[in-house]
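A look at the structure
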Amino acid sequence: MTRTMLHRLARVSPTVAFAGTLAVLLAGLFLPGIVGALLLFALAGGLATLTFTTWPVQTGVTRAVRLALLALLVVAAVAKTL
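Not measured: the values here are computed from a predicted model.

What follows deals with the packing of helix H2 (residues 14-30) against helix H3 (residues 33-53). Helix packing for two helices is described by the angle between their axes and how far apart those axes are. Where H2 meets H3, the axes come as close as 7 Å, and the angle between the chain directions of the two elements is 145°. Handedness of the H2/H3 crossing: left-handed. Each of Thr-21, Val-24, Leu-25, Ala-27, Gly-28 and Leu-29 in H2 lies in contact with H3, whose residues at this interface are Gly-36, Leu-39, Leu-40 and Leu-43. Residue classes in the contact of H2 with H3 are distributed as seven nonpolar, three polar and no charged.

Here the focus is the environment of Ala-23. Assignment of secondary structure puts Ala-23 in helix H2. Overall, Ala-23 belongs to the partly exposed group, its relative accessible area being 45%. With 14 residues separating them in the primary sequence, Ala-23 and Ala-37 have C-alpha atoms 14 Å apart.

Take the nonpolar core next. Membership of the largest hydrophobic core is limited to seven residues, which are Leu-40, Leu-43, Ala-44, Ala-48, Leu-70, Leu-73 and Ala-77. Going through the elements one at a time, H3 and helix H4 (60-81) are the ones with two or more residues in this core. For this core, the element with the highest residue contribution is H3, accounting for four residues. With near-sequence residues (within four places) excluded, Leu-70 lies in contact with Ala-44, Leu-47 and Ala-48.

Cut-off values and rules
- Sequence order as written defines the numbering, with residues in each chain counted from 1.
- Local features in a predicted model are, by the rule used here, given only for residues with pLDDT of at least 70; side-chain atom pairs are given and counted only at 80 or more, and totals for whole chains, interfaces and linings are based on all residues.
- Hydrogen atoms and water are omitted, and side-chain values are computed over all heavy atoms in the structure.
- Between the N-to-C directions of two axes lies an angle of 0 to 180 degrees, each axis being a line fitted to C-alpha atoms and, for a helix, fitted only over the stretch in contact.
- A run of H or I in DSSP becomes a helix once it reaches four residues, and a run of E becomes a strand once it reaches two; helices and strands are each numbered from the N terminus.
- Take the far helix as the reference: if the near one is turned anticlockwise from it by less than a right angle, the crossing is left-handed, and if turned clockwise, right-handed.
- Every residue pair with non-hydrogen atoms within 4.5 Å of one another is taken to be in contact.
- Polarity classes work like this: nonpolar for Ala, Val, Leu, Ile, Met, Phe, Trp, Tyr, Cys and Pro, charged for Asp, Glu, Lys and Arg, and polar for all others, with Gly in that last group.
- Relative accessibility thresholds used throughout: buried, under 20% of the residue-type maximum; exposed, over 50%; partly exposed, between the two (1.4 Å probe, protein chains only).
- As used in this record, nonpolar core signifies buried Ala, Val, Leu, Ile, Met, Phe, Trp, Tyr and Cys residues forming a set joined through side-chain atoms within 4.5 Å.

Next up, the structure:
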């Protein structure tokens, strides 16, 4: 991820980020088949990128929670494709 993109993400309001993520998550869960799965995979890719970009500054508990959520999101996306 480029430094410019990280600075841009840092300026996003936490409320806006939460609402946008929630909207994509709900759309991925409720849209049928591959369309919903693609949204969930895209969300998982974004979460994975942010998780591993910020990995050095996170505590062990935060890392574990993020990895668990990432795994759960990938499982949901794979289940959606079946």
